[in-house]
Amino acid sequence: MAYNANPFLERMSERTTSDMEFVRLFSPKILENLAEDAFDGAVHVFRSTPGAGKTTLLRAFTPPALRAFWHSRNRPELSESFQKLLNRGLLTEGESPQLLGVYLSCASGYADLPSSEGLQQEGLFRALLDCRIVLRTLRSLGALLGFSTPEQLAEVSLDHSALPGLQGIPAITNALELATWAEEHEQQVYAQLDTFMGPVNTALPAQFRFEGVLWLQSIAFTHEGRIVGGKRLLMVDDMQKLRRKQRALLVDELTVMRPSIPIWLAERTVALGTQLLSQGAREGRDLREYNLDKMWSDAKGMNQFVSYAQNILDRRMKNQDSVPVGSFTQCLRDELVSSEVRTQVVKGIERFRSQVERHQSKQRYAQWLARADQYTSDQNLESLLELYVTRILLVRDESKRQLSLDLTLTEEELENRDSSQVRNAAELFMHEELGIPYYFGFDRLCVMATSNVEELLGLAAALYVGLQAKQVLRKSEPILSPLEQDKLLREAAARKRDFIPKSHTEGTRAQQLLDSIGAFCYEQTFAPNAPYAPGVTGVRLSRAELAKLTAPGSFGPPGLALQRVLAECAAENLLVQRESQATGSRDSGTVFYLNRSLCAHYGLPLQMGGWRDVTVGELMRWMERRLTPSRKNLEAS
């Protein structure tokens, strides 16, 4: 078995990955969240940010991958994958795979078609897609049957009796001959494109519908006297590479066609453009939409993503021999030992003493401070956390207008005001003020991935480099301490932020806007009384503000630029878009949360929930001129 220098850098969707390698690394956990109706006859649109796993999911249902799953059904490490495919009815114990999955990508060729409107241009698009569906179907059929050469397709006969009358696809009964026709037909379409004077092939039909789908759902294949490939799935990937009109034409016509087989269309959310800011649901009986990013967004989904992530990373750990461990989680210590940060603990205790000294003479806080004195003598992390919780609650109480007598606050009152949110804020304050690790442990690694597989692998790759370094230096054990994890993950987050201008169309403006949102959230998070504990990680545009932004001509070119930047950031997983419902005191709106890795770069908490309202005008200013945090809040506390 060949091992990779860093197994977390390889992407399974790349065609260079062998089918056997693919099935070994494929995590079947994603099948648990795949909709029950995903294999029903209808148009199914899968949409997500880059790296969420669309292409990997589609590849799993191609004949070579299904055959690899089936041949490996008795291998213990792949039994889970086989069982889940078995439960879906996609594989059987007794016979080889019967699902004919047809995969084709829109990454090349289609955008070369003329952009002008008209029946001729639409006909060329339909003709190119139809001949590719036919050709990919026949090639997939050969893979399903285990053919070693294309010439073996001559053994397959085609029955057209169930087909409606087709104008563009001939009724050829031999699979090899039809494949030859499809190749020649594709060349004719490209010859049509190469002319500057008009059509060069008047015999090329102007097709008025997507006949390839009608052909695929009705044609019958016979090999050695038996029907094969009766169950079918058409998968069209990289839809974002099409022009907007081409995508609309394809989706609309396929939906009207009401296909009897499942048709999966996969695209990145960037295809929506600024429509992403105000998209409406189009889902119906014959058009079903799935957002892979939102698959893991609720509490149940997050727990499932942790299990999914562990499965992915553990499979890759088995594909290396540099670090002698079996599980990725075994490499990450998730408990911080006080002795590792003794200097910071001592500094934090002294800081607490100096900051509460002015309260020593106040009878109101006598019991709270007496309780704190007990913790100052115990120089450990638990005691330091209690002191920081006390400090936050002191500032909160002091900032309130006292309308009653200055009564002594009891220890019971302090415990009543304590909460998990306050403790999370105290932990974050300790990280910011003292450098005590915060971004460590497997659960926080999964949160930093923002429910994105590619981002998870990128963060894991950074940690794996740290593990390799420990092996080179012959450290005692291949385990990263919280200090090491925190440093490596924040460095990876900084690289992500620094790469934004190079990897996005509106990269420079996007980086300035994200930096400004990060600075704004920092100011809100680290106010001495932690008013939005554990912190603020997003901004919200109310429905009224969004309406102003998207109204034609409201803000001129700066407004259009902001629309493009927000849409691209949401589509590229730099901002996470969530709707907020109306309440009695506020309008509904859209929250734009920072990507969780960027939260680590800006020193913010990883939890979602904390957000503040902003205006379109503020965002436009931040986009053009970066807002910087004053960092005075912590000093004032």
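Just above, that's the structure.
Below is a summary of the structure that appears in this document.

Here is what the cut-offs are and how they apply
Residues numbered from 1 in each chain as written. Predicted model: local features only at pLDDT ≥ 70, side-chain atom pairs only at ≥ 80, totals over all residues. Heavy atoms only, no water. Core = buried A, V, L, I, M, F, W, Y, C linked by side-chain atoms within 4.5 Å. Buried < 20%, exposed > 50% of the residue type's maximum accessible area, 1.4 Å probe, protein only. Helix = DSSP H or I, 4+ residues; strand = E, 2+ residues; numbered from the N terminus. Contact = heavy atoms within 4.5 Å. Pairing = 2+ DSSP bridges. Axes fitted to C-alpha atoms, helices over the stretch in contact; angles between N-to-C directions. Arc of directions from axis to C-beta. Phe/Tyr/Trp six-rings, centres within 6.5 Å; stacked < 30°, edge-to-face > 60°. Lys NZ or Arg CZ within 6 Å of the ring centre and 35° of its normal. Expected span 1.5 Å × (residues − 1).

1. Points about the nonpolar core
Among the nonpolar cores identified, the biggest contains 135 residues, and Phe61, Trp264, Leu313, Phe328, Leu445 and Leu566 are the most heavily contacted of them. Sort the elements by how many residues they give to this core and helix α17 (residues 453-472) lands first, with 10 residues. Those residues in contact with leucine 313 that sit more than four places away from it in its chain are Phe8, Phe328, Phe442, Leu445, Leu456, Leu457 and Ala460. Membership of the second largest hydrophobic core comes to 49 residues, among which are Val134, Leu135, Leu144 and Leu158.

2. Structural notes on the sheet that holds strand β8 (residues 287-291)
Overall, parallel pairing links the five strands, which are arranged β2-β6-β7-β1-β8 in an open sheet. Whereas interior strands pair on both sides, the edge strands pair on one side only; in this sheet they are β2 (99-105) and β8. Neighbour-to-neighbour, the strand axes of this sheet turn through a mean angle of 20°, independent of strand direction. Looking at chain direction, strand β6 (residues 231-237) and strand β7 (residues 262-268) are connected through three bridges and run parallel. Within β7, the position partnered with leucine 234 by the bridge is isoleucine 263. Its contacts with the sheet place helix α8 (residues 211-218) against β2, β6 and β7, and it is angled at close to 155° to β6.

3. With respect to helix α20 (residues 543-550)
For α20, the full list of buried residues reads Glu545, Leu546 and Leu549. Buried residues of α20 fall within an arc of 100° about the axis and therefore sit on the same side. In this structure, the buried side of α20 is in contact with β9 (538-542), α21 (556-571), β11 (589-594) and α23 (616-624).

4. Some remarks on the packing of aromatic side chains
Inspection of the entire model under this criterion finds 19 aromatic pairs. Between phenylalanine 26 and phenylalanine 69, the ring centres sit 5.7 Å apart and the planes meet at 70°, which makes this aromatic pair edge-to-face. One end of the pair, phenylalanine 26, is in the loop between α1 (19-25) and α2 (29-32); the other, phenylalanine 69, is in helix α4 (residues 63-71), with 43 residues separating them in the sequence. Taking relative accessible area as the criterion, phenylalanine 26 reaches 3% and is therefore assigned buried. Geometrically, the ring pair formed by tryptophan 215 and phenylalanine 221 is edge-to-face, given 6.1 Å between the ring centres and 75° between the ring planes. Given a relative accessible area of 0%, tryptophan 215 falls into the buried group. Residue classification places phenylalanine 221 among the buried residues on the basis of a relative accessible area of 0%. Feature note: the residues Phe39, Phe46, Phe61, Trp264 and Tyr290 constitute an aromatic cluster, connected by ring pairs. In this arrangement the basic side chain of arginine 126 is found over the ring face of phenylalanine 210, its NZ or CZ atom lying 5.8 Å from the centre.

5. Concerning helix α15 (residues 420-434)
Helix length check: α15 (15 residues) gives 21 Å between terminal C-alpha atoms against 21 Å at 1.5 Å per residue, within 8%. Within two residues after α15, glycine 435 carries a phi angle of roughly 75°, on the positive side.

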